[in-house]
Structure formats: structure tokens, C-alpha cells
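Letter by letter, the chains look like this.
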Amino acid sequence: MEFVATCPKGFERLLADELIELGTPQVRPLAGQVAFGGELTDAYRACLWSRLASRVLLVLARVDAHDADALYEGVHALPWEDHLAPGATFVVDAHGTNAQLRNTQFLALRTKDAVVDRVSAARGARPLVDTARADVTVSVRLSGQRATVSIDLAGEPLFRRGYDSRTDARVVPLRPDYAAALLAAGGWGRVARRGDAVLAALWAGQGSVLVEAAETVLDHAPGLLRSRWGFAGWAGHDAPAWQRLLDEADARSEAGSATTEKNPCSLLVADARPGAAAACRQALRAAGLPVEPRLVSAAEAADGARAASSALVACDLTWVREGALASEAAALADLSGCAGLRVAALARDASVDAALRAEPVQVSEVIVGRDAASIRVFAARDEVEPPATVELPGGERVSVLVPASDQFARRLAKVAKLRAKWARREDVTCYRVYDADLPDYAVAIELFEGSETPGRWLSVSEYAAPRDVDPELAHRRLLDVLAIAPRVLGVAPADVSVRVRTRSRGGSQYADEARAPERGARRGHDGRRGPSRRREEGRVELPAGSHLVDEGGLTFEVNFDTRHDCGIFLDHRETRSRIREMMKETRGSKRFLNLFAYTGTATVYAADGGARHTTTVDLSRPSLEWARRNMARNGFTGPEHEYVQADVLAWVSEQRHTRNRWDLVFCDVPTFSNSARMRKASFDVQRDHAELIIGVSRLLVRGGRAIFSCNLRSFKPDTDKLARAGVALEDITAETIPEDFSRSPKIHHAYVVTRVS
């Protein structure tokens, strides 16, 4: 018989070795699968004992599939009456496409038709299709002009072990086959056979790596807890052969569990994430394993591995996603203590190499979810270089991945001291501390201090590295920034948010309700500190993950947990203060309009300056709700404050044909926007600003003024076109750049707009 064991990309060599160890004949690794031959018992054994295979398929035939008719004829020619028992249900699992068969659903449909027609002709009865719980799964996998037609002996993926390890949603799980691959690459099977085996599991998550390790030591078959198999309803199933394998596995499991003292398994777990410890214990209990993990620190786990005669350090770093890079910095600092040990790491990049100060002896490229990752194995070494460290003010030493990061530490400490002195003098509590002062450490760091919600938070925005800079080196520098900055600035690592920025034109203004990447994290103040002078009766509900900060005597909501900018652009602190003063000077109707309003911070300042009517316009409903909360939190409620969800460009055009006019307008435009909700195909500030400014000028009352702002560094206003339209610009950029942004005088451009004719 011919069989195929499928597996995730990168597992092929490991799976082939596993099948050979099981005594499987004719093993041949291919792309995403391993072919083997032998008897049905060999396939059953692979189903029961393989930790790395996803499915085991019995190959029936390879048929011509250059088009739908050829596929139908090839499948129809197979003796399906020998595989589907009378009354048995089936389902088709289809994979792959070609020029003629471009849809897997159609591929499955034509295969199903061929099977149904063949059985109907042979028996006079039509077999039933059951997509939820079929007795037999027919697999058809297309490759070029040929299709491999098989019976799926597993029925459902083999990594569904029969126990549920996903006990806590706060901890990212690691699929059991990936945990098994991590252990197999690290040589856990050899470690376990030597006796006194120790597994130091860093970030064990939901415990799948512990289950796979303990089952290997105790000789428990990974499929022993499964209650359903794909071959059970197949007409060719050899029940006695399967039962003999089950009896053998049961006996081996009992013998392994009875000899835990003879062949002990020590599981050292270092994972400080909330819920991880309980999840690890629960996973072992659910799998029926008489092993209790020891919960230790990363340093204790490393020491335990060093003291053992046979040990492996296994760590899963794939749980660290973008936005949690501060956690990765802390994790790699913990991992650095394992240098010199045998380590198997599942990671999304090569930062682990720098943490261990070693080159991997084996790398297997894999896919985790939709992202590229690798299993990296490091050999034990007798001599290990001491980790690079930097000394911070006060004498504390911090492990770093790049020795030159000591320059960044010294620079940050110096500018932080000067900036803090300035902030106290100016009564500013949220400000930029560092702005790419050293070219190699091209990040912007902003510090926020809470008001009604006490706390300190850092926002770190990384500029995209030039193409000639090694991206891995840039990533390691960023991780060093994240290890150093919280300690220098007195912020807990968990209160650090990270964003990657580019110096390109960016995308739409809102990407998943976030500002375009170029805008970065920007925010503001006019020098008065303390709670707002007005408060709405009753508290405004604060969304989860949000905090309150003060600026200019007003209170604003910020949030560092979402993919938004945090809610207030600090570089417009002086601009907002100017808006308040301009509103105080305004006579008459005192109407204020905020376009591309984001969270409405400028509207709050205008209301504080005496605006009697405000209109806040933005395309994003969540941003408008945020703006409404900011207004209410400062005591500005009522029908005189309106919020309009609209495409700003279209809305301005429409308002020109109404009698609505405003005394003061603030228009802080995106650099580029191509939101699907816009009426125009896109907005480019350099290309389209003149038309927008002219439109805004037509919404002003006689003597009214507008402030137009954008953050395109190379922006050049088309003064000739504006002059022809009777619009005058006064450049106030220099007056609106705060002291803490003095290193970035082009962080934005600002102009006062008036209509002269």
C-alpha cells in the first residue's frame, strides 16, 4: 500500500525521522508531506504514535485532472463501492487548483459527483454526503495536471490529541504538533532516554510542550485519548489489527506511568504571564499524566537545566506579536541566562541568536499562523561569552543585544534629565523625551503621566530603517531601546507601547481606525496643569485600557492598547493653545469647526476658549465617540456641540452650498488617504491641498480664520493658486513647534488661512 503523512511546512525531515523510528518502511520526505509504503498496520501505527503528522492518507490513485471532465472520469473509475459501506456517509476534502480547476469547492463538487455516480450505478442507492461528521473522508489534492485521490485515515487533524489545553484565553496556545516539533528538533527523545530528563520550558503557555515532553518520557501514544478516527467508518478498516495496536499502546502507557521513579521527568516552567501556570497544570491533568511541573523563574530554570545530567531548554517566542515588543525585550533578557545550554526556540526572527550569543546549529523554517517563523536549535557549550550589559544611572546593569546600546543609554539618561526639568518648569506632563538623537537608534519616545488615573506610560515609535541597514540589527537595537527606556524613565515594561513608523506617504488616514503610519504618535498643552474647570455631572465611562492625562488645564483620554495612535498628538500642543486664544478673541457667533478631528482635542480647547457652537467632523465613528467623551469629560455637552461622521472632502463641498459658516476652523489633514468610504479615489495633501483650503475658506464668516496643518515634511503650499482664489496663508509653523519637538521642526506645517476677496 502507498500512504502519505501530511505535515506543516518545515516539519518534513523531522516527520521522516519520526516515522523511521516507528519502523515505517519506504519513508520519503516531500514538500509538506512524507510518503511511505507498507501494510495498513504501518499507517495505523503512524496515526496512533506520530506527534508531527497532520493526517495519514491511503493513496488510491493519481488521476488526470487537466480539466473537470478528466477529473470526473479518473475518480469515477475507482471502485468506491469497496470503500463506502452501504449506508456510510462521506465528504470530500479538496486542496489545490490549476488553470481549469480554479476553485477548491468546484474540485470537491466534481469529485463528489464522480463518487456518487459510481456507487449509485454499482448499488442502485445513492450514498449520502455529511459535511459535519462523515464516516469516510475522501481527499483529493491537485498538483499541476494530476490529482492524488486518497482515503483520510485520520478523519480530523492528528494534532487534536483528545485533550483540551486551551484553558485561559489570556495565554496564547502552541499547537501540540508545533510543540512536538520544537522538542524533536532539540533532541528531546535522546534526552528522555538517558534518564533524569529535565525540560526547562520558557513561556510554556497553555502547556502543550509539557504534555508532549511528558508523554515522550512516559511512553504515552499521542493518539491514545482520541475517540474518533477516519478509518472507523471505512469499508477497508482492519479492526483486529487496530485493536492489537491499541492494546500494545495501553500496555506501554501503563508501564511508563508505573516507572516514573525509575525514569523521572522534571518539568521546569518559567512563564510569568497571568493564567499560564494554571493552564500548564490543567493541560497535564487533562492528558492524564502523573507529572507536576515546577514553576520557577527563568534564571532558576536555566540553573536547573545546568545541574541536570541531561536537559533541554525549550522556548516559544511566537506569542510575542507586534505591539508587544516590550514583552519580547524582557523575554530575551530572561533567555540570555540560558546561554551555553542546549536550546530549541520557536521564534519569528533571529533575535534569539543575539540573546544566546550563539549561532544556531540547526534552523527549520516554518509557518505559524500566516507568519514566517523558525525552529532554531543551539548546542550546549562549555565556554560562553558573558552577556553585553549597559550601566544605567544608579548603577543598575541591563543585558542588551547590541554592545553599542550603551551610547543610547547614556544619551537617553542625559536628555531625559533635561526634558524633565523643562517639563516641570512649563507644567507639562506629557511630552517627547527622545527623538532619534542617535541615528542608529531611530525612535521617538514620549512619556505620559496620568491625572485621574495615576500611572506613567511610554509610547515608542520606530522609524523604518534605511534599506542599507540590516533589519535584524535594527530589530535588536529596538529591543535594547525597550529594555533600557522603561528603566531610565521609571515606567513598568508592561506600560510601554510600540509602533513602527515609515517616512513614506503612508496609507489611508485610518488603517483599522488608526492614523496613517507617518503621523506617528503626536500630542499637546498651554502650560496650565490640573483638572478641568468644568465637569459634567456624573462621570464619563472610561473604556477598558484607557487612561486620563492633563494638558492645558483640560483632561483627555488616551489608550495605548489599541492599534490607534494614543488619542492626542503632542506636537500640536501649541497649536491647540493658539486655537483657544483665537476663540477667546472671536466676536459674534463664536462657531468652531474641526475637520479630520480624530479624538476632538482641538474642539475641547475651542470650547474652553468660549466657543458657543462646535462641529466635529471625521470619517471614523470610534474617533467621534472618543471626541464626544473628551468633550463631556471637560463639561461640554448639549446640542450646541455636534459630531458629524462624513468624508470631510465631500462634506466641505456640500457645506459650501449651504448657509452654514464658522468663525474659526481647524483642519489637520492626513498626508494621504484612500479609504474605501471616501467619495474620491484618494486624497494626497500635496496634490489636493489647494482645492481643500479654498473650500474651507468659503466656510468662514467675514473676518473668520482657519488653521490648516499637515505633517508631510516636504509640503509646499501652492500660494499662486490660492492667491488667485482670494485666499491668503500666514506660515505659523515655527510658532507651533513645541520645545520638546525642536529636533523635528518639520514634524508638521501650520498656516493661518484668511479670505481676502
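Residues numbered from 1 in each chain as written. Predicted model: local features only at pLDDT ≥ 70, side-chain atom pairs only at ≥ 80, totals over all residues. Heavy atoms only, no water.

Enquirer: Looking at this model, I keep getting lost on the overall build of the protein. Mind explaining?
Expert: On a plain count of helices and strands, the protein comes out with 21 helices and 32 strands. Along the first, second and third principal axes, the C-alpha set of the protein runs to 95 × 70 × 50 Å. Partitioning the intrachain contacts of the protein with sequence separation of at least 6 by distance along the chain shows that 72% fall at a separation of at least 24. A total accessible area of about 31,600 Å² is found for the protein, and carbon and sulfur atoms account for 48% of it. Where the 101 positive side-chain charges of the protein centre and where its 101 negative ones centre are 6 Å apart. (Helix = DSSP H or I, 4+ residues; strand = E, 2+ residues; numbered from the N terminus. Contact = heavy atoms within 4.5 Å. Areas by Shrake-Rupley, 256 points an atom, 1.4 Å probe, with all protein chains shown as cover. Lys, Arg positive; Asp, Glu negative; His and termini not counted. Charge placed at Lys NZ, Arg CZ, Asp CG, Glu CD.)

Enquirer: Looking at this structure, I do not really get the sheet that holds strand β9 (residues 197-202). What am I missing?
Expert: For sheets, the rule is that strands pair by backbone hydrogen bonds, running either parallel or antiparallel. Spatially, β11-β10-β9-β12-β13-β15-β14 is the arrangement adopted by the seven strands of the open sheet, whose pairing is mixed. Bordering the open sheet on either side are β11 (294-295) and β14 (362-368), each of which pairs with just one other strand. In the sheet, strand β13 (residues 343-347) pairs with strand β15 (residues 371-378) via five bridges, with the strands oriented antiparallel. Considered in β15, the bridge of Ala-347 is made with Ser-374. (Pairing = 2+ DSSP bridges.)

Enquirer: I'm lost on the packing of aromatic side chains in this one. Help?
Expert: Any aromatic ring pair is given by two values, namely how distant the centres are and how the planes are angled relative to each other. Tallied over the entire structure, the rule returns 19 aromatic pairs. Seen in terms of ring centroids, Trp-229 and Phe-231 are 5.6 Å apart; in terms of plane orientation they differ by 10°. Their pairing is stacked. Of the residues examined, Trp-229 reaches a relative accessible area of 9% and is grouped as buried. You can call Phe-231 buried: its relative accessible area is 1%. Centre to centre, the rings of Phe-231 and Trp-242 are 4.7 Å apart; their planes meet at 65°, and the pair counts as edge-to-face. Taken together, the positions of Phe-231 in the loop between α7 (208-218) and α8 (239-258) and Trp-242 in helix α8 put the pair 11 residues apart, joining distant regions of the chain. Pair check on accessibility: Phe-231 and Trp-242 agree, each one buried. Linked through ring pairs, Tyr-44, Trp-229, Phe-231 and Trp-242 together constitute an aromatic cluster. (Phe/Tyr/Trp six-rings, centres within 6.5 Å; stacked < 30°, edge-to-face > 60°. Buried < 20%, exposed > 50% of the residue type's maximum accessible area, 1.4 Å probe, protein only.)

Enquirer: Hey, could you run me through the nonpolar core in this one?
Expert: In globular proteins that are soluble, nonpolar side chains generally tend to be buried together. Counting residues in hydrophobic clusters, the biggest one holds 100 residues, and the most contacted among them are Leu-153, Trp-188, Leu-199 and Leu-210. Counting 70 residues, the second largest nonpolar core, distinct from the first, contains Ala-331, Ala-416, Val-460 and Ala-483. (Core = buried A, V, L, I, M, F, W, Y, C linked by side-chain atoms within 4.5 Å.)

Enquirer: Just checking my understanding: could you explain the packing of helix α3 (residues 68-76) against helix α4 (residues 104-123) for this structure?
Expert: At a minimum axis distance of 8 Å, the contact between α3 and α4 shows a crossing angle of 40°. Accordingly, the angle class assigned to the pair α3 and α4 is oblique. The hand of the α3/α4 crossing is right-handed. Of the residues in α4, those touching α3 at Ala-68, Asp-69, Leu-71, Tyr-72, Val-75 and His-76 are Phe-106, Leu-107, Arg-110, Thr-111, Asp-113, Ala-114, Val-115, Asp-117 and Arg-118. Looking at the contact of α3 with α4, its residues break down into eight nonpolar, two polar and five charged. (Axes fitted to C-alpha atoms, helices over the stretch in contact; angles between N-to-C directions. Parallel < 35°, antiparallel > 145°, perpendicular 65-115°, else oblique. Left-handed = near helix turned anticlockwise from the far one by under 90°. Nonpolar A, V, L, I, M, F, W, Y, C, P; charged D, E, K, R; others polar.)

Enquirer: Any chance you could explain the UniProt feature "domain: THUMP" (unreviewed entry) in the protein here in plain terms?
Expert: Sequence positions flagged by UniProt for "domain: THUMP" (unreviewed entry) are, in local numbering, residues 42-153. Across residues 42-153 one finds 33% helix and 30% strand; the C-alpha atoms that close the span lie 12 Å apart. (UniProt positions renumbered as here; feature names shortened; annotations may be inferred.)

Enquirer: I tried to follow the pairing of β13 on my own but got confused; where do I start?
Expert: Within a regular strand, side chains alternate between the sheet's two faces. Across the five residues that make up β13, a large majority, five, are buried. By the alternation rule, side chains of β13 split into Val-343, Ala-345 and Ala-347 and Ala-344 and Leu-346, which are all buried. In the sheet, strand β12 (residues 310-316) pairs with β13 via four bridges, with the strands oriented parallel. Bridged to Asp-316 within β13 is Leu-346.

Enquirer: How should I be thinking about the sheet that holds strand β31 (residues 727-731) in this particular structure?
Expert: A sheet is described by the order of its strands in space; here seven strands give the open sequence β26-β25-β24-β27-β30-β32-β31, paired in mixed fashion. Both outer strands of the open sheet, β26 (641-645) and β31, are each paired with one neighbouring strand and no more. Neighbour-to-neighbour, the strand axes of this sheet turn through a mean angle of 15°, independent of strand direction. Pairing analysis gives six bridges linking strand β27 (residues 662-668) to strand β30 (residues 700-710), with the strands arranged parallel.

Enquirer: Which parts of the structure should I look at to understand the packing of α7 against helix α9 (residues 276-286)?
Expert: When two helices pack together, their arrangement is given by the angle between the helix axes and the distance between those axes. Their axes nearest at 8 Å, the elements α7 and α9 cross at an angle of 40°. Overall, the two elements α7 and α9 adopt an arrangement that is oblique. Note that α7 runs across α9; the crossing there is right-handed. Counted together, Leu-210, Val-211 and Ala-214 of α7 and Cys-280, Ala-283 and Leu-284 of α9 form the full contact between these two elements. Tallied by class, the residues present in the contact of α7 with α9 amount to six nonpolar, no polar and no charged.

Enquirer: I tried to follow the pattern of salt bridges on my own but got confused; where do I start?
Expert: Where charged atoms from two side chains of opposite charge approach closely, those side chains can pair. The full count for this structure, using the stated rule, is 42 salt bridges. With its nearest N and O atoms 2.9 Å apart, the salt bridge here joins Glu-551 to Arg-576. Here the residue Glu-551 occupies a position in strand β22 (residues 546-551), and Arg-576 occupies one in helix α15 (residues 573-585), the gap between them amounting to 25 residues. In this pair, the class of Glu-551 matches that of Arg-576, namely buried. Overlapping salt bridges bring together Arg-51, Arg-161, Glu-212 and Glu-215 as one network. (Salt bridge = Lys/Arg side-chain N within 4 Å of Asp/Glu carboxyl O.)

Enquirer: So what exactly am I meant to see when it comes to helix α16 (residues 601-608) here?
Expert: Every α-helix winds through 3.6 residues per turn, so residues three or four apart in the chain are directed the same way. With respect to burial, α16 is a largely interior element, eight of its eight residues being buried. Looking at α16, one finds that the buried residues are Thr-601, Ala-602, Thr-603, Val-604, Tyr-605, Ala-606, Ala-607 and Asp-608. Residue Gly-610 follows α16 closely and has a positive phi angle near 105°.

Enquirer: Hey, could you run me through the side chain of Asp-647 in this one?
Expert: Relative to the helices and strands, Asp-647 is located in the loop between β26 and α18 (648-655). Of the residues examined, Asp-647 reaches a relative accessible area of 9% and is grouped as buried. Among the polar contacts made by the side chain of Asp-647, one reaches the main-chain amide nitrogen of Leu-649 at a distance of 3.2 Å. (Polar contact = N/O pair within 3.5 Å; in protein donor to acceptor, adjacent residues only side chain to side chain.)

Enquirer: Help me understand the pairing of strand β4 (residues 55-64), please; the structure alone is not making it clear to me.
Expert: Summarising burial for β4: seven of the 10 residues are buried, a large majority. Of the pairings in the sheet, the one linking β4 to strand β8 (residues 146-152) comprises seven bridges and is antiparallel in character. Among the inter-strand pairings, Ala-61 is bridged to a residue of β8, identified as Val-149.

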